[in-house]
Number of protein chains: 2
Amino acid sequence: MELIFLGTSSGTPTKTRNVSATAVKAPNAKHWCLVDCGEGTQHQILRTKLSLNSLQAIFITHVHGDHCYGLPGLLASAAMAGRTEKLYLVGPAEIEAFVSAVCTLTELYLPYEIVFIDSATLNEHRPELELSVTAVKLSHRVPSHAFSFCYQSDERKLDLEKLKAADIKPGPHWGELQSGKDIMLDGETILADDYLLPKAKAQKIIICGDNDQPDLLSDEIKSADVLVHEATYTYDIAQKVGPGPMHSSAKIVAEFAGKHRVDNLVLTHFSARYQNDTGSSPSILDVELEARAHYDGNLMLASDFDHYRLGKNGVLGKL
Amino acid sequence: MELIFLGTSSGTPTKTRNVSATAVKAPNAKHWCLVDCGEGTQHQILRTKLSLNSLQAIFITHVHGDHCYGLPGLLASAAMAGRTEKLYLVGPAEIEAFVSAVCTLTELYLPYEIVFIDSATLNEHRPELELSVTAVKLSHRVPSHAFSFCYQSDERKLDLEKLKAADIKPGPHWGELQSGKDIMLDGETILADDYLLPKAKAQKIIICGDNDQPDLLSDEIKSADVLVHEATYTYDIAQKVGPGPMHSSAKIVAEFAGKHRVDNLVLTHFSARYQNDTGSSPSILDVELEARAHYDGNLMLASDFDHYRLGKNGVLGKL
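Per-chain numbering applies: the sequence of each chain, read as written, is numbered from 1 onward. Written order decides the labels, with chains lettered from A and ligands numbered from 1. Only residues with pLDDT of at least 70 are given local features in this predicted model, and only at 80 or more are side-chain atom pairs given and counted; all residues enter the totals for whole chains, interfaces and linings. Values shown for side chains rest on all heavy atoms present in the structure; no hydrogens or waters enter the calculation.

Per an unreviewed UniProt entry, chain A is named Ribonuclease Z, and its organism is Thalassomonas actiniarum. UniProt positions are given in the numbering used here, feature names are shortened, and annotations may be inferred rather than shown by experiment. The Function (unreviewed entry) field of the UniProt record for chain A holds the comment "Zinc phosphodiesterase, which displays some tRNA 3'-processing endonuclease activity. Probably involved in tRNA maturation, by removing a 3'-trailer from precursor tRNA."

(A) Main features of the overall build of chain A. We count a stretch as a helix when DSSP gives it H or I for four or more residues in a row; a strand needs E for two or more, and each element gets its number in order from the N terminus. Per the secondary structure count, chain A includes eight helices and 16 strands. Seen through its principal axes, chain A has C-alpha atoms that stretch 75 × 50 × 35 Å. For chain A, contacts bridging at least 24 residues in sequence account for 64% of all contacts bridging at least 6. For the accessible areas, the method is Shrake-Rupley and the probe is 1.4 Å, while residue cover comes only from the protein chains on display. Surface summary for chain A: the accessible area is close to 14,000 Å², and the carbon and sulfur share equals 51%. Between the mean site of the 30 positive side-chain charges and the mean site of the 41 negative ones, chain A shows a separation of 4 Å. We call two residues contacting when some pair of their heavy atoms lies within 4.5 Å. Think of it this way: Lys and Arg go in the positive column, Asp and Glu in the negative one, and His and the chain ends go nowhere. Taken as the charge location is NZ of Lys, CZ of Arg, CG of Asp or CD of Glu.

(B) Structural context of the relation of the copies chain A and chain B. Least squares is the method for superposing the copies, and the C-alpha atoms it fits come from residues with pLDDT of at least 70 in both. When chain A is fitted to chain B, the best match, at an RMSD of 0.1 Å, comes from turning it 180° and sliding it 0.0 Å along the axis. Viewed as a symmetry operation, the transformation between the two copies matches a two-fold axis. Among all residues of chain A, the minimum C-alpha distance to the rotation axis is found for Gly 40 of chain A, at 2.6 Å. Both copies share a contact surface, since 100% of the interface residues of chain A are interface residues in chain B too.

(C) How the structure looks around the UniProt feature "binding site: Zn(2+) 2" (unreviewed entry) in chain A. Residues and elements named next belong to chain A. Per the UniProt record, "binding site: Zn(2+) 2" (unreviewed entry) is found at Asp 66, His 67, Asp 210 and His 269. Despite a sequence span of 204 residues, these residues sit close together in the fold, their greatest C-alpha distance being 10.7 Å. The subset of the named residues that lines the second largest cavity consists of His 67, Asp 210 and His 269. Residue position: His 67 is located in the loop between β4 (55-59) and α2 (71-80). With residues up to four places along the chain from it excluded, the contact list for His 67 reads Ser 20, Asp 36, Cys 37, Gly 38, Ile 60, Thr 61, His 62, Asp 210 and His 269. Contacts described as polar in this section are N or O atom pairs within 3.5 Å, which, within protein, must combine one atom able to donate a hydrogen with one able to accept it, while residues neighboring in sequence count only if both atoms come from side chains. Among the polar contacts listed, one links the side chain of His 67 to the side chain of Asp 66, at a separation of 3.4 Å. Definitions used throughout: a 1 Å grid over protein atoms alone; a cavity as a set of points that fits a 1.4 Å probe which cannot get out; a pocket as an open set with protein on both sides within 12 Å along at least five of seven lines; a lining residue as one with an atom within 4 Å of a point.

(D) Broad picture of a positive patch on the surface. On the surface, Lys 15 and Arg 47 of chain A together with Lys 15 and Arg 47 of chain B cluster together into a patch of positive charge. Here Lys 15 of chain B is to be found in the loop between β1 (2-7) and β2 (21-25). In this structure Lys 15 of chain B comes out as exposed when scored by relative accessible area, which is 55%. The patches described consist of residues with a relative accessible area above 30% and no salt bridge, like charges being joined within 9 Å and nonpolar side chains (Val, Leu, Ile, Met, Phe, Trp, Tyr) within 5 Å. Salt bridges are defined as contacts in which a side-chain nitrogen from Lys or Arg sits within 4 Å of a carboxyl oxygen from Asp or Glu. The cut-offs for exposure are 20% and 50% of the maximum accessible area for each residue type, with area from a 1.4 Å probe on protein chains only; residues under the lower value are buried, those over the upper are exposed, and the others partly exposed.

(E) Spatial organisation of the sheet that holds strand β3 (residues 32-35) of chain A. Residues and elements named next belong to chain A. One bridge is not enough; two strands pair if DSSP finds at least two bridges between them. As summarised here, the arrangement of the eight strands in space is β6-β5-β4-β3-β2-β1-β15-β16, forming an open sheet in which the pairing is mixed. The open sheet has two edge strands, β6 (114-118) and β16 (316-318), and neither has a second partner. Each strand of the sheet is rotated relative to its neighbour by a mean of 20°, with strand direction disregarded. Packed on one face of the sheet, α2 meets β3, β4, β5 (87-91) and β6 and runs near 165° to β4. Throughout, an axis means a line fitted to C-alpha atoms (over the contacting stretch in the case of helices), and angles, computed between N-to-C directions, take values from 0 to 180 degrees. Along the sheet, helix α3 (residues 93-105) contacts β5 and β6; its crossing angle with β6, the most-contacted strand, is approximately 150°.

(F) Molecular detail of empty space enclosed by the protein. Grid points are joined across faces, edges and corners, and a volume is the space filled by probe spheres set on the points. Inspection of the entire model under this criterion finds four cavities of 30 Å³ or more. By volume, the largest cavity is sized at about 120 Å³. Along the wall of the largest cavity there are 14 residues; nearest its centre are Ser 20, Thr 22, Asp 36, Cys 208 and Thr 268 of chain B. Mapped by element, the contributors of at least two residues to the lining of the largest cavity are β2, β11 (203-208) and β12 (226-230) of chain B. Under the grouping applied here, Gly and all other residues not named as nonpolar or charged are polar, the nonpolar ones being Ala, Val, Leu, Ile, Met, Phe, Trp, Tyr, Cys and Pro and the charged ones Asp, Glu, Lys and Arg. Within the lining of the largest cavity, the residues separate by chemical class into five nonpolar, six polar and three charged. Space inside the second largest cavity adds up to approximately 100 Å³. Along the wall of the second largest cavity there are 16 residues; nearest its centre are Ser 20, Thr 22, Asp 36, Cys 208 and Thr 268 of chain A. Every element with two or more residues in the lining of the second largest cavity is listed here: β2 (21-25), β11 (203-208) and β12 (226-230) of chain A. Counting residues per element, the lining of the second largest cavity draws most heavily on β12 of chain A, at three residues. Of the residues assigned to the lining of the second largest cavity, the class counts are five nonpolar, eight polar and three charged.

(G) Expanded view of the nonpolar core. Within this scheme, the nonpolar core is defined by two criteria: the residues are buried Ala, Val, Leu, Ile, Met, Phe, Trp, Tyr or Cys, and they are joined through side-chain atoms within 4.5 Å. Membership of the largest hydrophobic core comes to 68 residues, with the highest contact counts inside it found for Ile 58 and Leu 71 of chain A together with Ile 58 and Leu 71 of chain B. Setting aside residues up to four positions removed in sequence, Leu 71 of chain A forms contacts with Cys 37, Ile 58, Ile 60, Leu 89, Ile 95, Phe 98 and Val 99 of chain A.

(H) Structural context of the pairing of β5 of chain A. All names here are of chain A. Across the five residues of β5, five count as buried, placing the element largely inside the fold. The alternating pattern of β5 places Leu 87, Leu 89 and Gly 91 on one face and Tyr 88 and Val 90 on the opposite face, and all of these are buried. Where β4 and β5 come together, three bridges link them in parallel fashion. Bridge pairing links Ile 58 to Leu 89 in β5. By the bridge criterion, five bridges tie β5 to β6 in an arrangement that is parallel. By the bridge assignment, Val 90 is partnered in β6 with Ile 117. A clockwise path from the first strand over the helix to the second, with the strands pointing away from the viewer, defines a right-handed crossover. At this point the chain moves from β5, through α3, to the parallel β6, and the crossover so formed is right-handed.

(I) Broad picture of the domain arrangement of chain A. Partitioning chain A into structural domains gives domain 1 (2-154 + 202-318) and domain 2 (160-195). For every domain, the bounds stem from an assignment made automatically or drawn from a database. Taking only C-alpha atoms into account, the centre of domain 1 of chain A sits 44 Å from that of domain 2 of chain A.

(J) Fine view of the sheet that holds strand β14 (residues 298-301) of chain B. Residue and element names in this part refer to chain B. On the basis of which strands lie adjacent, the open sheet formed by six strands has the order β7-β8-β11-β12-β13-β14 and mixed pairing. Bordering the open sheet on either side are β7 (132-137) and β14, each of which pairs with just one other strand. On average, adjacent strands in this sheet sit at an angle of 15° to one another, irrespective of strand direction. As paired strands, strand β8 (residues 145-151) and β11 are joined by six bridges and run antiparallel to one another. Counted as the bridge partner of Phe 149 is Ile 205 from β11. Helix α8 (residues 250-259) contacts β12 and β13 (264-268) of the sheet and is inclined by roughly 165° relative to β13. Across the sheet, helix α9 (residues 284-292) is in contact with β13 and β14; its angle to β14 comes to roughly 160°.

Shown next, in the form of structure tokens:
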């Protein structure tokens, strides 16, 4: 699977980071999904190879503006780009009311269907996507969810050892076997299933909304390859700010990921006080150092337009 | 007065132009006003010296998304930046309902008061601003207005000829006279009013919403120094598109400005089909050439971040 970060700032945009939005897609897939849609997400998309016409579903983790104020403009621009394909929109019930109010009050007429699914019922009403998706409840000032994307490739490779042992030589029938078709060879039936390796392990990436209790992901994380979680503050700033905003520090997320031996951890949604310029303080480097002190896996701090691919070896790499 | 263009594209953002937003301010004024607030306006503001704390009023010309979808995020970011001063919001009644719905559905709590004024009643309920504002009805698919900003400087310069004729020599009393204070000189009362020139002529800039009938501005244009008007299309494209969108071509706006001998004309709100790259066709140069063929005054085609100042000589210049 691939991830493209379109916004990595918390609350308000900065000159280098937009507010939340993350694209996720299966390898070589036609369609893609968007998690959160802060203001200016359509502008960010203009600077990538992503197309609004191939966007299959939008997931809004929670109703705060920095995660959804880009929805009206993105929906309008998709309409102007001639979209006709239905679009899934998953989020809290208020998001459906928000889109509906905007369409009415600003005379926005969409030439495509929006199929709304309440996040609270997503696990019972899954849309048919190229990726399967599960919602996990989080803890924030308003109802917030993580979305766990799972990709199971249908591809099965040929078992070359077994073919060699059975003296089945290379030829067009290898292609037939790989496509799952049984063949006749020298009057004998060769079952494809006998010469195909099992499917590759499913890949799972969890993309979280705002959350101050990473432990709520304890079950879902067991089978996950990648955790994308907010780290709005460093621990000391989180203590100063107090529990009111209900955000996570780099420390508590890293400790959670360390405890559960998560292979790949991507932190995002940084408070605007952490500037990229490491000469100033506090800096984004402070967030990174704090996370590294509590997690020794493959750690990334997302920047806008970072493009990651989860390899078949389970390692997330930056493209 | 000064103008800063924050968005000059019609309908949808492009890589070089954001959707509509224009800042207007009096010379050396503390506050500024914003006309329209398309998605991403707060992002554009981040790249200027304008501050959300000194924004005094927002005028929304009409309800279409490319003119108002940036409102929720801008209001939220002003709140996060600690704004407490009241903010005037002028626009169609639907804009008040839009902001109200967004605040409720996305749990946005603003720590400052929004004073809403319906554009239709603006001329009877003018807010107290550093600029006086008049609304003019336009013609578009939805109710649309122009906002005509007038700046009258209180400054009166000393009449140096008259001072010389009366043999009133330079000294601290000149400053007192200029500030409007009468003085005693050699036992004689000198009235300030007798030695001050009249105030400079008021400056007027009209910033229009979407409109297919420039003639509706025939009265207001008489006393205006600058007309900022949409020129969504060139004439031939406007003919192809048909009257449905209810936009203006460069030709009809330029003809109107020429007929009324408007000193300064700024065209904006260009269809995304006109790329800046003059190698491609149609290009923004086509819009310019068409306008020049029908108007021989001071013509500008606005680009994002263009900063103009209307000089005391009545000429609009790019800073």
